[in-house]
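Structural overview for review
What follows is each chain in one-letter form.
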Amino acid sequence: MTRVGFVGLGNMGGPMAANLVSGGCEVKVFDLLPELINGVAGASGCASAAEAAQDVDVFVSMLPAGRHVRGLYVGDGDNPGLLSIMSPDTLIIDCSTIDPDSARAVAEAAAAQGIAMIDAPVSGGTAGAQNGTLTFIVGGEPAAFERAQAVLNIMGGNIFHAGGAGAGQVAKICNNMMLAILMTGTAEALSLGVDNGLDPAVLSEIMKVSSGGNWALNVYNPYPGVMPDVPSSRGYEGGFLVDLMRKDLGLALQTAQSTESAIPMGSLAQNLYEVHRQVNDAGRLDFSSIQWLFKPELKG
Ligand code: NAD
């Protein structure tokens, strides 16, 4: 039986840890919020991250940002990180979405202790975490990628190896920046069509099979009433939050600055999402609600 330590039991980590339990792993869990520790049925609750990292084959983390991941593994000042106490036999899988520089720095620090580590950010949201259908985008050594397969397969379906340490983060950031650009462009085009008397459903059908077709338009239409079973048809509730898209666009900008890459479209999308959050108080709405920025009257 694979022994797994799991730290970070929030919206994503809680259901992921629960799936590892039902997938037959022996799971030890920890979160800074004590109430979450008892929420994973069948797992053993721990009093600290260090306890969860002892005597395990695989250690998984699902934390908010790079500073949390650095703090957990490398530590700071008086607080030594987990790397100083972990066994070199343990494989670390960090599933958090963080800046690639932090991912590389922590992987290097782990390698210096003889510990293998991969970055494995996910796509698929909370539904994917609950249903065990997440996509994992992995950065790290091929041997570590192979060792992670069995555990990742319990929590998800598609598993990609993007390259060396940090590559999983870079691939995820590029994808989500592209998604934000496609969504804002789609909302803008639909708004222009409606302003000029077109039915958004008719315009969508035309663009879907024309050169403007794209994922945001084809399967996640942002205009209310055009497509059933998407957030735009239920007041933009559920789905992928504007606040999470803002976080990922911030990571894209940070990454672009460190490599001196020009990302004018990503920067513009970030600006639009910032304005949207403030003007429409939209942080907790699905990211397709950017439609409101172009058509404020839809807000009702
Ligand atoms: P969350 O805020 O719900 O959960 C994070 C958890 O980490 C919290 O419970 C917090 O108490 C815990 N934590 C923070 N520092 C800790 C520490 N040092 N030790 C132990 N526990 C600690 O966040 P989430 O929505 O579960 O997202 C987690 C990660 O997954 C983020 O990086 C996010 O960008 C990414 N992600 C989220 C989604 C989504 O739809 N929610 C989708 C894809 C990726």
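Every chain begins its residue count from 1, and numbering advances along the sequence as written. Since the coordinates come from a predicted model, pLDDT governs what is reported: local features require at least 70, and pairs of side-chain atoms require 80 or more to be given and counted, while whole-chain, interface and lining totals use all residues. As a rule here, side-chain values come from all non-hydrogen atoms in the structure, and water together with hydrogens is ignored.

Side note on the site of the ligand
For this description, a residue counts as near a given molecule or strand if any of its non-hydrogen atoms is within 4 Å of it. The full set close to the ligand counts 22 residues, and Asn-11, Met-12, Asp-31, Leu-63 and Lys-247 are the nearest of them. Between the ligand and Asp-31, the relevant distance is 2.6 Å, taken from an oxygen atom to a side-chain nitrogen or oxygen of the residue. Leu-63 places a main-chain nitrogen or oxygen 2.9 Å from an oxygen atom of the ligand. Starting from 840 Å² of accessible surface for the ligand in isolation, the protein chains cover 85%. For this classification, Asp, Glu, Lys and Arg are treated as charged, while Ala, Val, Leu, Ile, Met, Phe, Trp, Tyr, Cys and Pro are nonpolar and the rest, including Gly, are polar. When the residues that make up the shell around the ligand are grouped by side-chain class, the tally is 11 nonpolar, 8 polar and 3 charged. Each of domain 1 (3-163) and domain 2 (170-299) accounts for three or more of the residues forming the shell around the ligand. Under the rule applied, a polar contact is a pair of N or O atoms within 3.5 Å (in protein, one hydrogen donor and one hydrogen acceptor; residues adjacent in sequence only if both atoms are side-chain atoms). All accessible-area figures derive from a Shrake-Rupley calculation using a 1.4 Å probe, and residue coverage is judged against the displayed protein chains alone. Domain borders in the structure are assigned automatically or taken from a domain database.

Comments concerning the packing of helix α8 (residues 167-195) against helix α12 (residues 264-280)
Here an axis means a line fitted to C-alpha atoms, over the contact stretch when the element is a helix, while the angle between two N-to-C directions is reported on a 0 to 180 degree scale. Secondary structure follows DSSP: runs of H or I at least 4 residues long count as helices, runs of E at least 2 residues long count as strands, and numbering of each begins at the N terminus. At a closest axis distance of 9 Å, the pairing of α8 and α12 adopts a crossing angle of 65 degrees. For the element pair α8 / α12, the angle class is roughly perpendicular. Every pair of crossing elements has a handedness; the one defined by α8 and α12 is left-handed. For the pair α8 and α12, the contacting residues are Met-177, Ala-180, Ile-181, Met-183 and Thr-184 in the first and Met-265, Gly-266, Ala-269, Leu-272 and Tyr-273 in the second. For classification, angles of less than 35 degrees are called roughly parallel, those exceeding 145 degrees roughly antiparallel, those between 65 and 115 degrees roughly perpendicular, and all remaining angles oblique. Whether a crossing is left-handed or right-handed is set by the direction in which the near helix is turned from the far one by less than a right angle, anticlockwise for left-handed and clockwise for right-handed. Residue contacts are counted whenever heavy atoms from the two residues lie within 4.5 Å of one another.

Looking at the pairing of strand β1 (residues 3-7)
Of all 5 residues that make up β1, 4 are buried, and the element is covered over most of its length. The pairing of β1 with strand β2 (residues 26-30) spans 5 bridges and is parallel. If you follow Val-4 over to β2, its bridge partner there is Val-27. Crossover connection from β1 via helix α1 (residues 13-22) to parallel β2: handedness right-handed. By the convention used here, strands pair only if DSSP detects at least 2 bridges between them. Pairing between β1 and strand β4 (residues 58-61): 4 bridges, direction parallel. When the sheet's bridge partners are listed, Val-4 is paired in β4 with Val-58. Buried residues are those whose accessible area, probed at 1.4 Å on protein chains only, stays under 20% of the maximum for their type, while exposed residues exceed 50% and partly exposed ones sit between those limits. The handedness of a crossover follows from its direction of travel: if, with the strands pointing away from the viewer, the path from the first strand over the helix to the second runs clockwise, the crossover is right-handed.

Concerning the nonpolar core
Phe-6, Met-16, Phe-59, Tyr-73, Ile-93 and Phe-136 are the most contacted members of the largest nonpolar core, which has 56 residues in total. Considering each element in turn, this core owes the most residues, 6 residues, to helix α7 (residues 142-155). Ignoring sequence-local partners within four residues, the contact set of Tyr-73 consists of Phe-59, Ser-61, Gly-81, Leu-82, Leu-83, Ile-92, Val-106 and Met-117. As used in this record, nonpolar core signifies buried Ala, Val, Leu, Ile, Met, Phe, Trp, Tyr and Cys residues forming a set joined through side-chain atoms within 4.5 Å. Counting residues in hydrophobic clusters, the runner-up holds 26 residues, among them Ile-181, Ala-187, Ala-252 and Ala-269.

Observations regarding the packing of helix α11 (residues 242-259) against α12
A pair of packed helices is characterised by two quantities: the angle between their axes and the separation of those axes. Where α11 contacts α12, the two axes come as close as 10 Å, and the packing angle between them is 145 degrees. Relative to α12, the crossing made by α11 is left-handed. Packed against α11, whose contacting residues are Val-242, Asp-243, Met-245, Arg-246, Leu-249, Gly-250 and Leu-253, the element α12 presents Gly-266, Ser-267, Ala-269, Gln-270, Tyr-273, Glu-274, His-276 and Arg-277 at the interface. Partitioned by chemical class, the residues of the contact of α11 with α12 number 6 nonpolar, 5 polar and 4 charged.

Quick notes on the domain arrangement of the chain
Each assigned domain of the chain is listed here: domain 1 (3-163) and domain 2 (170-299). Summarising the inter-unit geometry, the C-alpha centres of domain 1 and domain 2 are found 30 Å apart. In this assembly, 11 residues from domain 1 lie in contact with 10 residues from domain 2. By buried area we mean the combined loss of accessible area, with a 1.4 Å probe, across both parts when two parts are placed together. For domain 1, the biggest contributors to the area lost against domain 2 are Thr-97, Asp-99 and Pro-100; these three give 49% of the whole.

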